[in-house]
Amino acid sequence: MSTTILTGGPIRTMTDDPGGDLSGNLSGDAQVPEAVLVHDGVVQAVGSLTEMRRAAYVTPEEIDLDGRTLMPGFVDAHAHTILHGSAIDWVDLSGARSIDDVVRLLGARAEARRGEAVRGYGYDQSKLAEGRHPSAADLDRVARDRVVQIQHASGHGYVVNTLALRNAGITATTPTPAGGRIDRDADGEPTGVLFDSACDLLTGAEGVKVRNHGPNFHLPMTHAEIDHLFDLGQRSLLEAGITTMCDAQVTQLEMDAYLRARDEGRLRMRTEMLALSSNLEHLTGLGMSSRLGDDQLRLWGVKLYADGSVIARTAYLNGHACCGKPSPNGYLYHEPEELAALITTAHRLGLSTATHAQGPLPIGVVLDAVAAARAERPRTGLVHRIEHCGFPTGEQIGRMAGLHVVPVPQPMQVSLYGDSLMEEFGEFGGRFYPYGEFERAGLPVVISSDAPVTMPNPLEAVWAAVTRETLGGAISGEEAQQAGRANALRGVTVTPAQMLGRQDIGVIRPGARADLAFLDADPVTVPVGQLPKVGVTESWIGGERIAPIQVA
Ligand SMILES: [Zn+2]
């Protein structure tokens with residue numbers, strides 16, 4: 001039971017209390033507290049150094065911030081720890097510009113790790129000179145005697161080599177499962193490209209099956225392999241100062257991995273879990289009528305998928321006049337009635353929901369379902385979220401505010417993909433993740449990474465929400481869609497904490513957990529353009545510095 005005083009640098013409490021520093025004043029000269037007293041993992045008091053010394057029961061250890069800024073540990077409202085670990089461990093294909101590049105990069109790994117399956121992450125066929133997905137035949141050039149498997153940048157699909165197709169028993173006679181896609185050649189032979197529920201075929205007899213409930217990014221892996229990926233993903237999130245995360249797709253594989261990590265003492269982050277809707281029947285059968293868990297690991301709610309991915313151009317923009325173009329590859333995971341029934345079931349059960357929805361039509365389906373569920377049973381303690389929420393109409397944004405439906409976007413995607421969206425969809429494309437409109441409607445500004453879809457760097461994401469600057473130097477949607485800086489900083493701390501129902505994190509105030517991020521510059525006062533460069537020098541959880549994590 002240690003008692004610590006932290007002092008010697010700006011302390012950004014992220015509270016609106018008097019003495020807090022974000023009540024609209026961003027000039028940096030607002031009253032900032034001088035010191036924080038931490039006892040037994042909890043913030044005891046915030047104020048002057050003299051007051052903190054007086055308030056301590058025992059002689060405290062005093063830690064000099066030495067000019068560093070102290071903030072609450074960041075809260076990432078939507079990320080995927082194990083998948084993020086995969087992206088770190090597997091061959092990075094995001095820079096590949098041709099299929100030869102893909103083969104060469106994988107070949108180097110095959111050489112370096114003999115006997116192991118060769119896995120890659122993040123190819124984007126639209127960036128490849130050939131303008132098509134690689135095929136099994138292409139991957140056979142890497143290896144024929146072991147599995148070669150690469151994941152699409154969207155996380156929604158894989159390409160596998162001939163051996164992997166054979167192992168999975170996928171042939172010309174394999175029917176295409178509902179909610180999935182198996183690309184075939186002129187003779188009906190599978191080409192190696194599998195998307196969404198078709199990936200169920202790759203996970204083996206014992207593996208996770210998600211049916212038409214979302215993308216299946218699971219693979220047959222040993223516990224040791226999964227734990228290794230978990231450790232890599234968790235280390236990366238912690239190094240970014242993220243002390244609480246919400247895992248946005250938990251199936252048996254993730255649940256099992258989290259419980260194992262907790263039991264073995266490897267789980268450090270506070271983790272809120274969203275169980276994939278394919279498990280809803282099991283949750284009902286189990287009598288899950290509320291959140292379950294503790295301070296560190298908790299089942300928070302249910303994750304549902306309405307439509308596809310904006311990056312893969314499979315989001316359902318169909319029939320929407322504003323985009324000016326049909327979206328021939330857009331698809332829905334469920335018929336609208338089926339999705340509505342799933343949301344209603346979760347709400348009746350007592351579980352919050354988070355539904356992936358990008359296009360106006362699927363967003364409308366979610367809003368109708370939430371409105372009906374709330375009318376039947378208000379259950380004000382339940383939160384309903386829309387993950388990503390790429391292209392809501394102005395009218396839908398108003399409805400979201402009225403229904404307390406929280407949008408959870410990833411602003412770094414505006415920076416990374418804003419140019420191509422504006423090129424393709426004009427003004428409609430510039431409205432991607434319309435933070436300015438969310439703000440004006442009174443909706444909370446929540447910022448997340450969807451790691452590994454974008455890298456976990458909360459202050460870079462704040463920069464992206466505030467500037468909406470694209471790689472090409474344009475401003476997506478002009479100034480009207482930019483988020484305010486104070487709200488954006490809340491969006492990686494107190495706002496997602498409150499959305500998750502946690503009053504004890506995301507802020508530095510008496511009674512809060514001492515989950516802290518130490519920063520080498522003050523994100524309230526540095527020039528906006530410097531935000532992505534602000535470094536995290538230390539992360540604390542429950543009053544303890546997280547030592548560098550060794551990954552076996
Ligand atoms: Zn996600």
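So, how was this worked out
Residues numbered from 1 in each chain as written. Predicted model: local features only at pLDDT ≥ 70, side-chain atom pairs only at ≥ 80, totals over all residues. Heavy atoms only, no water. Core = buried A, V, L, I, M, F, W, Y, C linked by side-chain atoms within 4.5 Å. Buried < 20%, exposed > 50% of the residue type's maximum accessible area, 1.4 Å probe, protein only. Domains from an automatic or database assignment. Contact = heavy atoms within 4.5 Å. Helix = DSSP H or I, 4+ residues; strand = E, 2+ residues; numbered from the N terminus. Salt bridge = Lys/Arg side-chain N within 4 Å of Asp/Glu carboxyl O. Donors = N, O, S within 2.8 Å, 3.2 Å for Na, K, Ca; no water. Buried area = accessible area lost by both parts, 1.4 Å probe. Polar contact = N/O pair within 3.5 Å; in protein donor to acceptor, adjacent residues only side chain to side chain. Phe/Tyr/Trp six-rings, centres within 6.5 Å; stacked < 30°, edge-to-face > 60°. Axes fitted to C-alpha atoms, helices over the stretch in contact; angles between N-to-C directions. Parallel < 35°, antiparallel > 145°, perpendicular 65-115°, else oblique. Left-handed = near helix turned anticlockwise from the far one by under 90°. Nonpolar A, V, L, I, M, F, W, Y, C, P; charged D, E, K, R; others polar. Pairing = 2+ DSSP bridges.

(A) Structural detail: the nonpolar core. By size, the foremost hydrophobic cluster in this structure holds 114 residues, and its most contacted members are Leu194, Ile386, Ile447 and Val462. Of the domains in this structure, domain 1 (95–152 + 156–208) and domain 2 (224–507) are the two that each give at least three residues to this core. Dropping the residues within four chain positions of it, Val462 is found in contact with Ile447, Ala488, Leu489, Val492 and Leu531.

(B) A look at the side chain of Arg266. Tracing the backbone shows Arg266 in the loop between helix 7 (252–263) and strand 14 (270–276). Classification of Arg266 by relative accessible area gives buried; the value is 17%. Excluding residues that lie within four positions of it along the chain, Arg266 makes contacts with Asp227, Phe230, Asp231, Gln234, Arg260 and Ala261.

(C) Seen up close, the pattern of salt bridges. What the rule picks out here adds up to 31 salt bridges. For Glu62, the salt bridge goes to Arg53, with nearest N and O atoms at 2.6 Å. Here Arg53 falls in the partly exposed class, since its relative accessible area comes to 45%. Among the ionic pairs, Asp124 bridges to Lys127, the shortest N-O distance being 3.8 Å. Here the residues in one salt-bridge network are Arg270, Glu272, Asp295, Arg298, Arg502, Asp504, Arg513 and Asp515, joined through shared partners.

(D) How the structure looks around the coordination of the zinc ion. Protein ligation of the zinc ion involves His78 (NE2), His80 (NE2) and Asp450 (OD), the donor distances falling in the range 2.1 Å. As a motif over one chain, the donors of the zinc ion read H-x1-H-x369-D.

(E) Spotlight on the domain arrangement of the protein chain. The assigned domain composition of the protein chain is domain 1 (95–152 + 156–208) and domain 2 (224–507). Contact with domain 1, which involves eight residues of that partner, is made by eleven residues of domain 2. Summing the contributions of domain 1 and of domain 2, the shared interface buries around 790 Å²; its carbon and sulfur component is 57%. By the criterion of area lost to domain 2, the three top residues of domain 1 are Tyr121, His156 and Val208, representing 52% of everything that side buries. Scanning the region where domain 1 abuts domain 2 turns up zero salt bridges. Summed over the shared surface of domain 1 and domain 2, the result is three residue pairs in polar contact (both at pLDDT 80 or more).

(F) Structural context of the packing of aromatic side chains. Tallied over the full model, the rule gives nine aromatic pairs. Taking the centre distance of 5.4 Å and the plane angle of 85° together, the rings of Phe230 and Tyr258 count as edge-to-face. Taken together, the positions of Phe230 in helix 6 (residues 223–239) and Tyr258 in helix 7 put the pair 28 residues apart, joining distant regions of the chain. The class of Phe230 is buried, set by a relative accessible area of 1%. Through pairs of rings, three or more aromatic residues link up here, namely Phe391, Phe425, Phe428, Phe432 and Tyr433.

(G) Layout of helix 15 (residues 458–467). The buried fraction of helix 15 is high, at nine of ten residues. All of the buried residues in helix 15 are Pro458, Leu459, Ala461, Val462, Trp463, Ala464, Ala465, Val466 and Thr467. Contacts made by the buried residues of helix 15 are with strand 6 (74–79), strand 13 (242–250), helix 12 (412–425), helix 14 (435–440), helix 16 (485–490) and strand 20 (516–519). One or two residues past the end of helix 15 sits Arg468, with phi positive at roughly 55°.

(H) Representation of the packing of helix 10 (residues 360–376) against helix 11 (residues 394–403) within the structure. Contact pair helix 10 / helix 11: the axes reach a minimum separation of 11 Å and the direction vectors enclose 25°. Compared by their axis directions, helix 10 and helix 11 come out roughly parallel. Helix-helix and strand crossings are classified by hand; for helix 10 and helix 11 the assignment is left-handed. In contact with Pro360, Ile363, Gly364, Leu367, Asp368, Ala371 and Arg374 of helix 10, helix 11 contributes Gln396, Arg399, Met400 and Leu403. Tallied by class, residues from the contact of helix 10 with helix 11 come to six nonpolar, two polar and three charged.

(I) Structural detail: the sheet that holds strand 1 (residues 3–7). Pairing is mixed across the open sheet formed by four strands, whose spatial order is 3-2-1-4. Both outer strands of the open sheet, strand 3 (42–47) and strand 4 (61–64), are each paired with one neighbouring strand and no more. When strand polarity is set aside, the average angle formed by the axes of neighbouring strands in this sheet is 20°. Of the pairings in the sheet, the one linking strand 2 (residues 35–39) to strand 3 comprises five bridges and is antiparallel in character. Paired with Ala35 across the strands is Gly47, a residue of strand 3.

(J) Representation of the sheet that holds strand 11 (residues 180–184) within the structure. Reading across the sheet, the six strands line up as 7-8-9-10-12-11 and stay open at both edges, with mixed pairing between neighbours. A strand with exactly one partner marks an edge of an open sheet, and here the two such strands are strand 7 (91–92) and strand 11. With three bridges joining them, strand 9 (residues 148–152) and strand 10 (residues 157–160) adopt antiparallel strand pairing. For Gln149, the partnering residue across the bridge sits in strand 10 and is Val160.

(K) Quick peek at the side chain of His78. If you trace the backbone, His78 turns up in strand 6. The class of His78 is buried, set by a relative accessible area of 1%. Separated by 3.4 Å, the side chains of His78 and His80 make a polar contact. Setting aside residues no more than four positions away along its own chain, His78 makes contact with Cys246, Ala248, Lys303, Arg385, Glu387, His388, Val408, Gln410, Ser448, Ser449, Asp450 and Ala451.

(L) How the structure looks around the environment of Gln249. Positionally, Gln249 belongs in strand 13. Between the C-alpha atoms of Gln249 and Pro444, which are 195 residues apart in sequence, the distance is 22 Å. One polar contact links Gln249 to Tyr305, side chain to side chain, over a distance of 2.5 Å.

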